[in-house]
Amino acid sequence: MPKMKTKKSAAKRFRVRPGGTVKRGYAFKSHILTKKTTKNKRQLRGTENVSKADVPAVKTMMPYA
């Protein structure tokens, strides 16, 4: 049986924490930042947990995480 491949796009976007939850970054903060308010950009910092409904799909894309 060949090894399963990790979706590299998912590996760059998600990290699986030791408890099994998956963390992700916020969208809409990579470019065109001049028209966004300082408050909006500040609130997009940091990380958030992936919703429970999406965790199985993320773990399927990252079988060894």
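Residues numbered from 1 in each chain as written. Predicted model: local features only at pLDDT ≥ 70, side-chain atom pairs only at ≥ 80, totals over all residues. Heavy atoms only, no water.

K.L.:
Would you mind showing me how to read the overall build of the chain here?
P.N.:
When its secondary structure is counted, the chain shows 3 helices and 3 strands. Tracing the chain from N to C terminus, the helices and strands come up as α-β-β-α-β-α. In summary, the chain has a C-alpha radius of gyration of 15 Å against a globular reference of 11 Å for 65 residues, an excess of more than 25%. When burial is assessed residue by residue, the chain has 14% of its 65 residues classed as buried. When contacts within the chain are restricted to residue pairs at least 6 apart in sequence, those whose partners lie at least 24 apart make up 59%. As displayed, the chain has an accessible area near 5,700 Å², and 56% of this comes from carbon and sulfur atoms. (Helix = DSSP H or I, 4+ residues; strand = E, 2+ residues; numbered from the N terminus. Rg over C-alpha atoms; globule rule 2.2 N^0.38 Å. Buried < 20%, exposed > 50% of the residue type's maximum accessible area, 1.4 Å probe, protein only. Contact = heavy atoms within 4.5 Å. Areas by Shrake-Rupley, 256 points an atom, 1.4 Å probe, with all protein chains shown as cover.)

K.L.:
Just to check I follow, could you spell out the nonpolar core for this structure?
P.N.:
Most often, soluble globular proteins keep nonpolar side chains buried together rather than apart. Counting 7 residues, the largest nonpolar core consists of Ala 10, Phe 14, Val 22, Val 50, Val 55, Val 58 and Met 62. Excluding its chain neighbours within four sequence positions, the residues that come into contact with Val 55 are Gly 20, Val 22 and Val 50. (Core = buried A, V, L, I, M, F, W, Y, C linked by side-chain atoms within 4.5 Å.)

K.L.:
Would you mind showing me how to read the environment of Lys 35 here?
P.N.:
Note that Lys 35 resides in the loop between strand 2 (22–25) and helix 2 (38–43). As a C-alpha pair, Lys 35 and Lys 7 span 28 residues in sequence and 33 Å in three-dimensional space.

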